[in-house]
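Fold and geometry: a report
The lines below spell out each chain.
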Amino acid sequence: MDNGAPMRIGPHRIDPPVILAPMAGVTDRPFRQLCRRLGAGLAVSEMTHSDPSLWHTEKSRLRMDHRGEAAPIAVQIAGYDPDMMANAARHNVEHGAQIIDINMGCPAKKVCRVDAGSALLKDEALVAAICAAVVAAVPVPVTLKIRTGYDRSRRNAVAIARIAQDAGIAALTVHGRTREDHYEGEAEYETLAAVKQAVRIPVIANGDVTSPQKAAAVLRATGADALMIGRGALGNPWIFNEIATYLATGHTSLEPALEEVGATLLGHLDELYAFYGPGRGVRVARKHIQWYCQDHAGSEKLWLAVNRVECEQSQRALVAEFFAAGLRKQAA
Ligand SMILES: Cc1cc2nc3c(=O)[nH]c(=O)nc-3n(C[C@H](O)[C@H](O)[C@H](O)COP(=O)(O)O)c2cc1C
C-alpha cells in the first residue's frame, strides 16, 4: 500500500485492500456477499476441514456453496497432513475456489487437538511441507494465515514468512498475537513490520482493526500491503468502505443512518433464512441481530425476545419493529 501499487494475490487485484477475515460460524456466503457488496476487497470463507469424511455433512455442503459470489472466491482449509491438505485444496478448486487460504492462525481446540491451525507454527518443517504440497496441488494462488508464533518465547513469524515465500505462497496474513495469547491483550504490530521487511510477497496485517484511524495507524506501523478485519465487521459491514474512504481521502464517512442499519439487517436476515432454511437460519441470525443492535437503545429487550422465537416471520417482525420504534423516536 505504501507505494500506491494495487494489492494483488496472484492474478487477482484486491481493491480496496481491506479484507474480511475467515471466521467459522460467521463468514458464511450471505455475510461474505454482504461485506463484498458494501466494500470489502475480498472475503475469506469459514475454514473447511481437510478430512474428506467430513465433506458430506450439511455444514460442509453449505461451506462449499459459492453460488452468486463475486470473484475471487477465497476458501480457507484447515488440517495437519500435507497430502490431505493438497487433496482438500483440489476439491475446493473443483467447487469454485479461486484462492486457497491455509489456516495456521486459528487457536480453536477443535483444530489444535490434531495439531492444525496455529499449533503448526511449532513445526517449521511441517509448515514447509504443507505449503509446498498445497501450492503444487492447485493452479490457483495459495495464501497462508498465521499468528506471530506459538507463544511469546517462540515468535517465529519471520522464519515462517520466509518458508512460505520459498514454498510459493502468494500472500501472507499475520494476526499480531501468538497462539497462546488467544484473543487476550492488544495485538502487536512490531512482528508484522519485521515480516514485511523480510519478504517480497504481499503481507496482510490482522488484529484489532476496528476503525479507519486504527487501520491507518496499523498500515503506518507495519508497512503492510492490506488489512484483514474480523471482529470489527461483526454487525458492521460498513467498516470496509469507511476504512477505504479514510485511507483514500483522510475523511471519515458518516455512520449509517438507523434506517439503513435496519434495512441492511433485514436483508441479511432474508439471505440467512434462504441459505440455511427454516430453523437453522433463525438460530444463525440471532448473533448477527445482537451485533447489529448492541449499541442501540433497547437492544437487551430485543435480544431477550429474539431468543424466545423460533420462526422466521416472528424474528423478522421483532427486528422490523425495533428499528421502526427507533425511527419513530428520532422523528418525535
Ligand atoms: C468467531 C471467530 C471465528 C474465527 N474463525 C477463524 C477461522 O475459521 N480461521 C481463521 O484463520 N481464523 C479464524 N478466526 C480469527 C480471525 O480470522 C482473525 O484472525 C482474528 O479474529 C483477529 O482479527 P480481528 O481482531 O480483526 O478480529 C476467527 C475469529 C473469530 C472471532
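Structure shown above.
Now for a look at the structure at hand. For clarity, every value in this text was computed on a predicted model and none was experimentally measured.

1. Brief notes about helix α3 (residues 82–94)
When the terminal C-alpha atoms of α3 are compared, their 18 Å separation across 13 residues agrees well with the 18 Å that a helix rising 1.5 Å per residue should span. Contacts from the buried residues of α3 go to β4 (42–49), β5 (74–78), β6 (99–104) and α5 (124–137). Two residues or fewer after α3 comes Gly-96, characterised by a positive phi angle close to 110 degrees.

2. Observations regarding the site of the ligand
Of all residues adjacent to the ligand, which total 16 residues, the nearest are Pro-22, Gln-76, Asn-206, Asp-208 and Arg-231. Contacts to the ligand include Lys-145, whose side-chain N or O atom sits 2.8 Å from an oxygen atom. Asn-206 is positioned such that a nitrogen or oxygen atom in its side chain is 2.6 Å from an oxygen atom of the ligand. In isolation the ligand exposes 610 Å². Once the protein is present, 89% of that is buried.

3. Some details on the side chain of Asp-28
Take Asp-28: it is sitting in the loop between β3 (18–20) and α1 (29–37). Despite being buried, Asp-28 has no salt bridge partner; Arg-32 is the closest side chain of opposite charge, sitting 6.1 Å away. A polar contact of 3.1 Å, which involves the side chain of Asp-28, links it to the backbone nitrogen of Phe-31. A polar contact of 2.6 Å, which involves the side chain of Asp-28, links it to the side chain of Tyr-276. When near neighbours in sequence (up to four residues on either side) are disregarded, Asp-28 contacts Glu-46, Leu-272, Phe-275, Tyr-276 and Val-284.

4. Some details on α5
Between its first and last C-alpha atoms α5 spans 20 Å; for 14 residues at 1.5 Å apiece the expected length is 20 Å, and the two agree. Among the residues of α5, those classed as buried are Val-127, Ile-130, Cys-131, Ala-133, Val-134 and Ala-137. Looking straight down α5, one finds its buried side chains confined to an arc of 165 degrees; they lie on one side. Turned more than 90 degrees away from the buried face of α5, the exposed residues are Ala-125 and Ala-136.

Definitions and cut-offs
Residues numbered from 1 in each chain as written. Predicted model: local features only at pLDDT ≥ 70, side-chain atom pairs only at ≥ 80, totals over all residues. Heavy atoms only, no water. Helix = DSSP H or I, 4+ residues; strand = E, 2+ residues; numbered from the N terminus. Expected span 1.5 Å × (residues − 1). Contact = heavy atoms within 4.5 Å. Near = heavy atom within 4 Å. Polar contact = N/O pair within 3.5 Å; in protein donor to acceptor, adjacent residues only side chain to side chain. Areas by Shrake-Rupley, 256 points an atom, 1.4 Å probe, with all protein chains shown as cover. Buried < 20%, exposed > 50% of the residue type's maximum accessible area, 1.4 Å probe, protein only. Lys, Arg positive; Asp, Glu negative; His and termini not counted. Salt bridge = Lys/Arg side-chain N within 4 Å of Asp/Glu carboxyl O. Arc of directions from axis to C-beta.

Everything listed here is a matter of coordinates, which is why it stays silent on function.
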